[in-house]
Structure formats: C-alpha cells, structure tokens
Amino acid sequence: MRFKKLLFILSIISFVTRISAQTWVVPDDQKAVVAPVKFTADMQKQGEQQYLKNCQSCHGLMGKDNWAKLTPPPGDLSKEKAQVQTDGELFYRITAGKVPMPEFRNILTEDDRWSVIAYLRTFNPKYIQPTPVAKAAFTGRIVTLALEYSDPMKKIVVTASEQLKDGQTGLAAGVEIMLFVKRYFGRMQVGEIKTTNAQGKALFEFPADLPGNKDGFVEISAMVNDPKSVMKTTPANASFAIGIKTDKPGLTETRAWWSTRDHAPIWIILTYTLSVIIVWGFIIYIVYSIMKIKKLSREV
Amino acid sequence: MTMDDNKLTFDKLTSDLTHHIRINKGFLIWMGFLTISLFICLYAYTIQLRTGLGVAGIRDYVTWGMYLANFVFFVAASLIGMLVSAVLGLIGMKWITPITRIAETIAVAFAAVAGLVIVSDMGRPERLAYVFIYGRPQSPILWDVTVITTYFVLSLLLLFLPLIADMAIIHRKVDNLPSWLKPVYKSLSLNFTDNPQQNKIINRSIRILLILLIPAALSIHTVTSWLFAVTSRAGWDSTVFGPYFVSGAFVAGSAAVIIAMFFFRKNYKLQDYLTDVHFNNMGKVLATVSLVYLYFNINEFLVPGYKLKRADAVHLQELFAGKDAILFWLIQVGGLLLPILFMLFRRFRKPLPIMLISVAVLIAAWFKRYLIVVPTQEHPFLPIQHVPQNFMHYSPTLIETLITIAPFIMVLIIITLISKFFPVIPLHDKKKKKGIDHIKFD
C-alpha cells in the first residue's frame, strides 16, 4: 500500500519536473533579439570572468561536464542543448531566470550578459554571429537625484533634476521617488513612494524611533521608481544625524560563547588552560618518575 | 611454602603467562591477513584523498555519516580502560587484576585509532593542525581533540607502568625468546630490580594515573556527546546526552573486553588465569552497565516522545515505525533487552555464552551510533530546495565502507601486537599474590 503511494508520488514528481522542464519557453520576439555589437576577444575574456563568478557554481567548467547535481540538471553549456539556442534565447534566459536558475537582470548589466554569451559561443566552432543591431539612441528622461534634510520642516527633501533637450538642467516634476534607510541586512523602505512636485521635490517624514549609529547617523538613499526602465537615473546617498544614538557592541565584539577566539569568556579560557596544565603537569611528572626508575637501579 | 615450591610455582607462572611470546605460523597468517586487508582499505582511502569526499555517500544533508558513527564508537570502546582499571580497581575489586591489562590494551588501541577515524571524515586532512592553530576554547571540537590526546597518553602510561616489572622478569627468566626481542625487553624494563624505591615510584604513578583517568575518560565521551547535544537538532538536542553516551560506552567496552578475554584464554591457553569466575563477574558488570544504559535510553526516547515537538515527532516516527525501525528495534531488543535478560542467569555468564552475547552487544553498539548520527540529519529544519534524491537519503558507498573498516583492522593489529609480545595477565602482580614476594634478580 505504502509502496503504491510512493510510486504515485514519484510519478507525479517526475511528471511535474518534465512538464516544468519543457515549459521554459522564450517568447518569439525575444528569440529574435541579437547582440548590439560584434563579439570581440575582449568581450569573450570579460565574459569568461563573469561566467566563472556567476555561472560556474552550477553549470561547472565549460566542456568538463561537472555541473552541480541539481534538479533539473543545469547541464554543460558547451553542449548542443545550449548551443542550438539563438543569442536572444540565451540572453532572455540569463536575464529572466527560472527557479532554480536565478535571474541576472539586476546582477549583470546588459553588456555583461552579452559578454557571457560571447564567451559561451567560443565553445561552438559552428557558430556564426548574426549581424548586430545597434540599440536605438536613448530618448527617455535622464534624472539625477539629490538628498538633504530640512531641520525646520523635520523632513527629508529629495530633489530631482533632469537633463533637458537643449543641454540645460531643469527640475524634474512627476518622478516617482523611493526612500531607503540602511539596516543590518540591506535597505528598508521609508514611507510610501512619492511623486515630485512642480519644483522637482518630494518630502519624506523620517520615523522618530529608528536607531542610528553611536552619533545618531543613518544612511539614507533615494531612488527613482522606474520598473520599466524607461529613464536613465542616478540615485542619491547621504548620511544624516536623525536616528536615535545607539552604542551597542556587535555580537562578536564582547566576550561570549558564540564569539571569536579572541573574545572567548575568561572563565572558559581559565578552565580549559588550567585543566590542560594540571593534567599534563602530572603526565610530565610521571614520565620524569619513570626515568628515575632507571637511575635507581644503579644506586642499589 | 619452601624455597623450592616457591621457585616451581614461579617458573610455572612465568612459563604459563609468557609461552605465547613467540612468532608462530598462526600469528604470521593472522597478521598477514590483517595487513593485506588494511592495505586494501588504505587503497580505498587514497581514492578518497585524490577524488574527494564525494566518493563517500555523505552529501549536503547527511555530512556526518558512517565515519562519525565510527568515531563515536571508537571513543566509546576506549572508555573501558577507565571502568575496569580505575573504577573497579580503585574500589578494591581483587578479581579484576588479571583483566586490567586487557582493558588497557583495548583502551590504548581504540583511543589511538579514534583520532585517525576523524581524519577519514576530513576532505583536507593536512589541515588537521588548524584545530589547534585556530581552535576556539569555546568549541567542543577543541575540547574533544584535547581530551582524546590526553586520555590516550594516560592509557598508554597506565599500560606501560605495570609492564616494567614484567619486562624485567621476562628478559631475565625466560630463555626461549626470539633473540631480537631480548634487548627490547631489557630497555623497556628500565633496569627494574624490584627495589622498594622503584616499586614505590611505580605504585604512586599508577595511583595518580588511575585518579586522573576518571575525569579524563568522563570528559572524552561527554565532550563527544556534546558535539551533538550543543546543536538544537531533533534527536541530538538532549540534556542526558553526556551520561547516555558514557553509559553506552561502558556497554560497548565491557563487551569488547569479554570478547578479548575469550580469545586470549583460548589462544594463549590461559584457562587457569581467566577463569569462569572472571567471565561471570564481567558478565555481571556488562549486565549492570546495560541496565544503566537502558535507563538512559528510556529517558532519551520517552521524554521527547511524550512532548512530541514537531521535529522530534518526525525523528521518532522514522526510528520507531519508519525507515529505520527494523534496525532500531533489532538494536534495542537484540543488543540491549535480550542480553540483559540472558545475563541475569548464571549459565549465560559462562565463557562461551557471555562471549556470544558480547558479540551481539558490540555489533548493536556500532549500529546504535549509526542511528544516533545519521537519521537526524535526514530531516533538517531548513531543507535545501531542488536537491537530488541522494542528498536526502544517506546510503554509504563501498569505498566509504572500506575506509570505515580500516580502523577496526588497525585496532586488531595493535591489540594483536601488544598481546603477542607482552604477557596478557600482569605477571608481577600475580607473582605477589601467590606469595612469592621477592624474586632474586641476579
């Protein structure tokens, strides 16, 4: 009975994995995408470095078939299964990822991703690169942010400026701004997303109870909310003394069980050292006595 | 007793206890067999050394497999030196004297090899010294290597000190020794002439060692248990793990001693020295420590079984009724309950039956360590996603099995060599008891 149940579960698992393995379909328009430039030896070299850093831990060394034993198997990318795909397909898969493969949208720049493909193609002697299609010139908004703290208003002021068509700089209205404060593990968002007014400004209230460092400083950063990447944006970072002054030693900075060797509790160091010294003292004494036995026979 | 009687008894005693010290065909065949087996196992280890720990069945879930079970078993078996020599000896049990050297030999052999067993679990064994260089005094790992080294040295000294007088007797009184052995015995005897000062030093040193041995032995296995118990994993997260391990160790060690006694008695013809009384008494010791171990077993399983926290429930389910159930109940019934029942009766404490019981107990003791180490790791608190089947279910490989067998062969080699070239029964001690107080060393 249990065996049947197991078989049933196993067949479901294998069915699901097969289905999911087949369903990583790349949209047709993405398949047709080609690199913006001709692959160069430099790109291949750079791609190799990126590959070793980001891809090798799962896919193994190219051509060595030593990929990590995961389900579904990552496979060796020098093999036909990967190489029959178009550059666009590879680019899409690297960009979007699909669990367990991570997405590299935010880890590798577009250029980096194309370099990796340039490197992968060096293992395919039959590969001929399709004619590159350069990307159209950028026509969107180019926005730069600035941060300040207004003491009278008790608010953080984010100012957005943008490059105008005539080369001048002007204030950018209608830009969505996100504000973050740095915590132990990454950034925490402060308040809601706000849109800049006609003066290019967005005001944020800063919570009164957030701990800062021992002088009360907190690290703030402002970013443009641009999920479709239609703008070119430069975030702003700044440090203000608006947090609560906190002077707590780090977890491994005081003597404790869990701390490093240099921060072992005194009583443990003493207990350990004394026990070792006492017991080994006796051992040395006994060895010394044994040597004395030999001498004693001569004296008799 | 006249002088002549005295001499006669002494000669017979010496000859009885030393006649096995010669290289015969049986010894050569046995050692040849052990050596060849050891080389096969060491070859398996060279494969692991070249290819990496991946040749063993251990993966990211079960990283402590048979090697660690083996380590716990070896440390356990070595503990018997402390029980027999120190505890029973210090409280004045006279019958134990002829068994002390067997117990010490087993202790030295298992303690010496226990350290090597740990090395077999290391992917980069050349980094062993890092334990000392970078060790944290807060870590049980550092305590473990410290106490194992200390216990080994203490046991070695305790084996050696009573041998000094025996060496003196043998190299002076036994004629038919292989010629190359004589100088070895002479230098090991440290020119012992049985003078009172020498005896005083030896007796005092032994006494110090016996007293030190008790805390050292308790620490070595308690610390080994802490390697597990200081984590919060189901099956390891237990406050009775220290005494649970120590009592279990006495069970394994007593069984090992009884098996050794049986074979020494038969092969070295020591029927007059290792009598039914000794087997009967060792049987009682084994029964007693088994009862204590049973008591800790009940604590170890009943208390978490009553509360049934989620992770414990999964763990206990696998042990009691799941994948490991057959092994678990075989061990608990065949290696603990039934032996205790049998050992209550005198007829099962005769040499042959008690030896057979001990074999069952010892085998069960090894598999019990396996069940303590492995199943817990098969259900981690935070399972890794998308791992292949062989990460989730540990199954040892052939290479791993051979590497696990190697330490046993080493222990057998050490025990064989010590017992072959030195008297199994303390000679000097026996002589005193027979009323031959002073031998003239001319």
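Because the structure is predicted, anything quoted here is derived from the model rather than measured. (Residues numbered from 1 in each chain as written. Chains lettered and ligands numbered in written order. Predicted model: local features only at pLDDT ≥ 70, side-chain atom pairs only at ≥ 80, totals over all residues.)

### Brief notes about the overall build of chain A
- Broken down by element type, chain A carries eight helices and nine strands.
- Computed over the C-alpha atoms, the radius of gyration of chain A is 31 Å, more than 25% above the 19 Å expected from 2.2 N^0.38 for a compact globule of 300 residues.
- Overall, chain A is about 110 × 65 × 55 Å in size when its C-alpha atoms are taken along their principal axes.
- Here chain A, with 300 residues, has 17% of them falling under the buried criterion.
- The long-range share in chain A, meaning contacts at least 24 apart out of those at least 6 apart in sequence, stands at 57%. (Helix = DSSP H or I, 4+ residues; strand = E, 2+ residues; numbered from the N terminus. Rg over C-alpha atoms; globule rule 2.2 N^0.38 Å. Buried ≥ 20, exposed ≤ 12 C-beta atoms within 10 Å, placed from the backbone. Contact = placed C-beta atoms within 7 Å.)

### Description of the overall build of chain B
- Counting secondary structure elements, chain B contains 17 helices and zero strands.
- Taking 22 Å as the expected radius of gyration for a compact globule of 442 residues, we find that chain B reaches 23 Å, a close match to that expectation.
- Reported as C-alpha extents along the three principal axes, the dimensions of chain B are approximately 80 × 50 × 40 Å.
- In chain B, buried positions account for 45% of the 442 residues.
- Sequence-distant contacts in chain B: of pairs separated by 6 or more residues, those separated by 24 or more amount to 83%.

### Brief notes about the pairing of strand 1 (residues 142-150) of chain A
All names here are of chain A.
- Looking at chain direction, strand 1 and strand 8 (residues 232-234) are connected through three bridges and run parallel. Looking at the pairing, T144 lines up with T234 of strand 8.
- In textbook terms, the turn of a hairpin is the stretch between consecutive antiparallel strands, and for strand 1 and strand 2 (residues 155-163) this stretch comprises four residues, one of which, K154, has a positive phi near 55 degrees. (Pairing = 2+ DSSP bridges.)

### Quick notes on the sheet that holds strand 7 (residues 218-224) of chain A
Residue and element names in this part refer to chain A.
- Strand order in the open sheet formed by four strands is 5-4-7-9, and the pairing between neighbours is antiparallel. Strands with a single pairing partner mark the edges of an open sheet, and in this sheet they are strand 5 (186-195) and strand 9 (236-240). Strand after strand, the sheet turns through a mean of 25 degrees between neighbouring axes, direction not considered.
- Relative to strand 7, strand 4 (residues 176-183) is paired through five bridges, and the arrangement is antiparallel. Following the sheet pairing, M178 is matched in strand 7 by M223. (Axes fitted to C-alpha atoms, helices over the stretch in contact; angles between N-to-C directions.)

### What to know about the interface of chain B and chain A
- Contacts between the two partners involve 25 residues from chain B and, on the opposite side, 23 residues from chain A.
- Contributing elements (two or more residues each) for the side of chain B that touches chain A: helix 7 (140-173) and helix 9 (196-229) of chain B.
- Ranked by residue count, the leading element in the side of chain B that touches chain A is helix 9 of chain B, at eight residues.
- Its residues placed into classes, the side of chain B that touches chain A shows 13 nonpolar, eleven polar and one charged. (Nonpolar A, V, L, I, M, F, W, Y, C, P; charged D, E, K, R; others polar.)

### Brief notes about the environment of T239 of chain B
Residue and element names in this part refer to chain B.
- Within the secondary structure, T239 is located in the loop between helix 9 and helix 10 (241-267).
- Using a count of 11 C-beta atoms within 10 Å as the deciding quantity, one classes T239 as exposed.
- Expressed as a C-alpha distance, the spacing of T239 and E300, which sit 61 residues apart in the sequence, is 8.9 Å.

### A closer look at the nonpolar core
- The biggest cluster of nonpolar side chains holds 131 residues, and the ones touching the most others in it are I80, I106, V257 and M261 of chain B.
- In terms of residue count, the dominant contributor to this core is helix 7 of chain B (17 residues).
- With residues up to four places along the chain from it excluded, the contact list for V257 of chain B reads I80, V84, I99, I102, A103, I106 and M282 of chain B.
- Membership of the second largest hydrophobic core comes to 18 residues, among which are L145, L179, V218 and A222 of chain A. (Core = buried A, V, L, I, M, F, W, Y, C linked by C-beta atoms within 7 Å.)

### Looking at helix 11 (residues 276-307) of chain B
Residues and elements named next belong to chain B.
- Relative to the 46 Å expected for 32 residues at 1.5 Å per residue, helix 11 spans 46 Å between its end C-alpha atoms, a close match to the ideal helical length.
- Listed in full, the buried residues belonging to helix 11 are H278, F279, M282, G283, V285, L286, A287, V289, S290, Y293, N297 and E300.
- In the core, the buried residues of helix 11 are packed alongside helix 5 (97-120), helix 10, helix 13 (325-343) and helix 14 (351-378).
- Trailing helix 11 by a residue or two, L308 shows a phi angle of about 50 degrees, which is positive. (Expected span 1.5 Å × (residues − 1).)

### Notes on the packing of helix 7 of chain B against helix 8 (residues 181-188) of chain B
Residues and elements named next belong to chain B.
- With their axes 8 Å apart at the nearest point, helix 7 and helix 8 run at an angle of 140 degrees to one another. Here helix 8 runs oblique to helix 7, going by the angle between their axes. Seen along the crossing, helix 7 lies across helix 8 with a hand that is left-handed. In this structure, helix 7 uses L163, M167, I170 and H171 to contact helix 8, whose residues at the interface are K182, Y185, K186 and L188. (Parallel < 35°, antiparallel > 145°, perpendicular 65-115°, else oblique. Left-handed = near helix turned anticlockwise from the far one by under 90°.)

### Considering the confidence of the model for chain B
Residue and element names in this part refer to chain B.
- With 96% of its residues at a pLDDT of at least 70, chain B reaches an overall mean of 91.
- The element-level mean pLDDT for chain B is lowest in helix 17 (residues 427-433), coming to 73, with helix 13 highest at 97.
- Per the prediction output, this complex has pTM 0.77; the corresponding ipTM is 0.89. (pLDDT = per-residue confidence, 0-100.)

### Details of helix 12 (residues 310-320) of chain B
Residue and element names in this part refer to chain B.
- Those residues of helix 12 lying buried are D312, H315, L316, E318 and L319. Seen from one end, helix 12 has its buried residues packed into an arc of 155 degrees, which puts them on one side.
- Looking at the buried positions of helix 12, the neighbouring elements they touch are helix 11, helix 13 and helix 14. (Arc of directions from axis to C-beta.)

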